[in-house]
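Structural overview for review
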Amino acid sequence: MTQLHPHLAPVFDEVLHRNPGESEFHQAVFEVLESLGPVVTKRPDYVDAAILRRIVEPERQIIFRVPWVDDASNVQINRGFRVQFNSALGPFKGGLRFHPSVYLGIVKFLGFEQIFKNSLTGMPIGGGKGGSDFDPKGKSDAEVMRFCQSFMTELSRHIGQYTDVPAGDIGVGGRELGYLFGQYKRLTNAYESGVLTGKGLTWGGSQVRKEATGYGTIYFLDEVLHSRGDSFEGKRVVVSGSGNVAIYAIEKVQQLGGTVVACSDSSGYIVDEAGIDVELLQDVKEVRRGRIAEYAERRPSASFTSEGSIWQVACDIAVPCATQNELDESDANTLAANGCTLVGEGANMPTTQAAARVFASAGVTFAPGKAVNAGGVATSALEMQQNASRDSWTFEHTDDRLEEIMKGIHDRCAETADEYGRPGDYVAGANIAGFNRVADAMLALGVI
Ligand code: NDP
């Protein structure tokens with residue numbers, strides 16, 4: 001572990017003391033603080049105004065009971081969370097995650113990352129995140145609906161288009177957002193489209209939102225490749241996951257001339273040397289909500305493996321799009337040894353700190369999630385703009401805006417890294433550029 005700047009070490013100690021047992025949150029805070037040494041040296045006013053100590057403390061944390069009745073008439077109890085982390089730049093904004101692993105430490109890590117990600121987009125959105133330890137897998141549609149209605153009954157008191165605007169994340173897609181929005185509309189007796197993003201196209205959603213995180217991830221990596229006179233053409237790519245982010249990342253890589261040869265879910269991974277058939281993958285994972293092994297059963301060029309790591313598959317470019325800490329030190333060594341030259345995080349914090357250090361020392365370009373996957377939330381902000389003006393834009397126009405935003409984020413990260421003497425260091429560039437904008441707004445707003 002590297003040493004933190006003397007002004008930052010006490011901030012981290014306080015985080016450890018105040019948030020015991022929340023290892024993912026500790027990791028996310030450390031990764032940001034590690035980049036901010038040169039910033040506090042240059043800007044003692046940030047330290048004087050306790051910006052660092054304030055930014056690691058959420059403005060508000062809500063934890064609530066979510067009771068619901070399953071199909072066998074048993075009462076089930078889950079726990080719901082919403083962490084409203086920072087609203088210096090705009091209303092809290094960030095997704096909801098439904099997964100059995102969800103607890104306060106995961107919601108706080110995601111909410112903390114979201115502050116800087118949202119700042120990097122240049123749009124007027126603060127950071128927040130929420131979710132539940134509910135597992136939609138294996139539940140009937142009726143059970144998912146009853147859970148979502150109960151969850152929203154409590155959450156509705158805390159959100160609003162000017163307060164806090166949730167969206168989807170792991171386990172929360174179009175179906176869940178529909179039930180959540182339906183219940184909000186019923187409770188408030190108002191069609192307040194701007195209260196949620198990721199809505200369906202017939203009820204206030206935006207074109208490209210579904211594709212945005214995956215497409216945006218690849219637009220960002222395409223900019224990295226352009227900056228070194230290269231492109232996706234002819235590249236061999238591995239994408240982990242097979243959910244919303246992974247599917248559209250795979251589609252965009254293949255549109256740009258690369259071949260995605262492997263993807264995964266929590267049961268294992270498939271290798272398909274002919275290139276992933278996106279339509280088949282969508283049918284297996286989105287339509288039938290099945291397991292990835294079914295893809296291999298239906299496609300002769302593919303094989304399924306439940307043992308080992310997807311990162312053993314040799315590639316030029318690796319794009320982790322599943323979940324936090326899915327790529328560890330040994331995976332990073334394998335990727336580097338197999339000739340991988342670029343890793344871009346489609347998921348949030350999928351790379352462990354030790355793995356990121358391997359990439360840095362092996363000369364593998366590493367682009368962090370808070371910059372790379374910001375296209376999802378940026379398009380959510382475009383959805384909010386359309387809702388506010390009661391307008392709806394075409395796919396082409398929205399996609400052009402997304403591409404332009406991702407190019408802007410790339411350039412902001414690269415220029416900031418240069419300015420702080422860390423050329424090519426996208427982690428430092430993203431953390432510093434994201435932080436500075438929030439810190440300036442917090443200074444302007446006074447001690448609140
Ligand atoms: P989905 O629920 O659509 O898909 C998640 C995928 O990851 C599934 O294939 C799932 O497999 C797999 N997965 C989940 N947990 C694990 C695990 N422990 N081990 C292996 N695979 C796992 O989620 P999203 O695609 O929306 O989100 C993926 C990542 O991207 C998350 O980190 C999320 O925070 C991040 N992200 C998402 C955004 C969005 O707009 N959706 C925006 C920005 C970031 P299985 O089907 O077996 O569960």
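Shown above is the structure to which this text applies.
Definitions and cut-offs
Residues numbered from 1 in each chain as written. Predicted model: local features only at pLDDT ≥ 70, side-chain atom pairs only at ≥ 80, totals over all residues. Heavy atoms only, no water. Helix = DSSP H or I, 4+ residues; strand = E, 2+ residues; numbered from the N terminus. Rg over C-alpha atoms; globule rule 2.2 N^0.38 Å. Buried < 20%, exposed > 50% of the residue type's maximum accessible area, 1.4 Å probe, protein only. Pairing = 2+ DSSP bridges. Axes fitted to C-alpha atoms, helices over the stretch in contact; angles between N-to-C directions. Polar contact = N/O pair within 3.5 Å; in protein donor to acceptor, adjacent residues only side chain to side chain. Contact = heavy atoms within 4.5 Å. Phe/Tyr/Trp six-rings, centres within 6.5 Å; stacked < 30°, edge-to-face > 60°. Lys NZ or Arg CZ within 6 Å of the ring centre and 35° of its normal. Patch = residues over 30% accessible without salt bridge, like charges linked within 9 Å, V, L, I, M, F, W, Y side chains within 5 Å. Areas by Shrake-Rupley, 256 points an atom, 1.4 Å probe, with all protein chains shown as cover. Salt bridge = Lys/Arg side-chain N within 4 Å of Asp/Glu carboxyl O. 1 Å grid on protein atoms, 1.4 Å probe; cavity = no way out; pocket = protein on both sides within 12 Å on 5 of 7 lines; lining within 4 Å. Points joined across faces, edges and corners; volume = space filled by probe spheres on them. Nonpolar A, V, L, I, M, F, W, Y, C, P; charged D, E, K, R; others polar. Near = heavy atom within 4 Å.

So, the overall build of the protein chain
Secondary structure assignment for the protein chain yields 18 helices and 12 strands. A compact globule built from 448 residues should have a C-alpha radius of gyration of about 22 Å, and the protein chain, at 21 Å, falls within 12% of that. When the backbone C-alpha atoms are referred to their principal axes, the protein chain occupies close to 60 × 55 × 45 Å. Among the 448 residues that make up the protein chain, the fraction classed as buried is 57%.

A word on the sheet that holds strand β3 (residues 92–98)
Read from one edge of the open sheet, five strands run β1-β2-β4-β3-β5, paired in mixed fashion. Two strands lie at the open edges of the sheet, namely β1 (60–69) and β5 (164–167), each paired on one side alone. On average, each strand axis in the sheet is tilted by 20° relative to the strand beside it, whichever way the strands run.

Some thoughts on the side chain of N373
Checked against the element boundaries, N373 lands in the loop between α15 (369–372) and α16 (375–388). Taking the relative accessible area as the measure of exposure, N373 reaches 4% and is therefore buried. Of the polar contacts made by the side chain of N373, one reaches the backbone oxygen of G346; its length is 3.0 Å. If near-sequence neighbours (up to four positions away) are discounted, N373 is found in contact with K117, T213, T217, E345, G346, A347 and N348.

A few points about the packing of aromatic side chains
One pass over the full model with this rule turns up 20 aromatic pairs. With a centroid separation of 6.0 Å and 85° between ring planes, the pair formed by F25 and F112 is classed as edge-to-face. Taken together, the residues span a long stretch of sequence, with F25 in helix α2 (residues 23–33) and F112 in helix α6 (residues 104–120) at a distance of 87 residues. The pair formed by F25 and F112 is uniform in burial state, with each residue classed as buried. Clustering of aromatic rings is evident, with ring pairs tying together F64, W68, F98, F134, F147 and F151. Over the ring of Y420 we find K42, and its NZ or CZ is 4.5 Å from the ring centre.

Notes on a nonpolar patch on the surface
Where nonpolar side chains cluster on the molecular surface, the patch consists of V69, V75 and I77 and spans about 270 Å² of accessible area. Of note, V75 is situated in strand β2 (residues 75–86).

Thoughts on empty space enclosed by the protein
Summed over all chains, the structure comprises one cavity of 30 Å³ or more. Taken as a whole, the largest cavity spans an internal volume of roughly 40 Å³. Around the largest cavity, the lining residues are V11, E14, V15, R18, N19, R53, V56 and E57. Ranked by the residues each element gives to the lining of the largest cavity, the list is headed by helix α1 (residues 9–18), at four residues. By residue class, the composition of the lining of the largest cavity is three nonpolar, one polar and four charged.

Notes on the site of the ligand
Around the ligand, the surrounding shell holds 25 residues, and the nearest of these are K137, D169, T213, S266 and R291. T213 has a polar side-chain atom sitting 2.7 Å from an oxygen atom of the ligand. The backbone of S242 places a nitrogen or oxygen atom 2.9 Å from an oxygen atom of the ligand. Considering the ligand on its own, with 890 Å² of exposed area, one finds that the protein chains cover 83% of that surface. Broken down by secondary-structure element, the contributors of at least two residues to the shell around the ligand are α9 (209–227), α10 (244–255) and β7 (259–265).

With respect to unusual backbone geometry
Unusually for a residue other than glycine, S73 sits at a positive phi of about 70°. Owing to a relative accessible area of 58%, S73 belongs among the exposed residues under this scheme.

Keep in mind that these numbers describe shape and distance, not what the molecule does.
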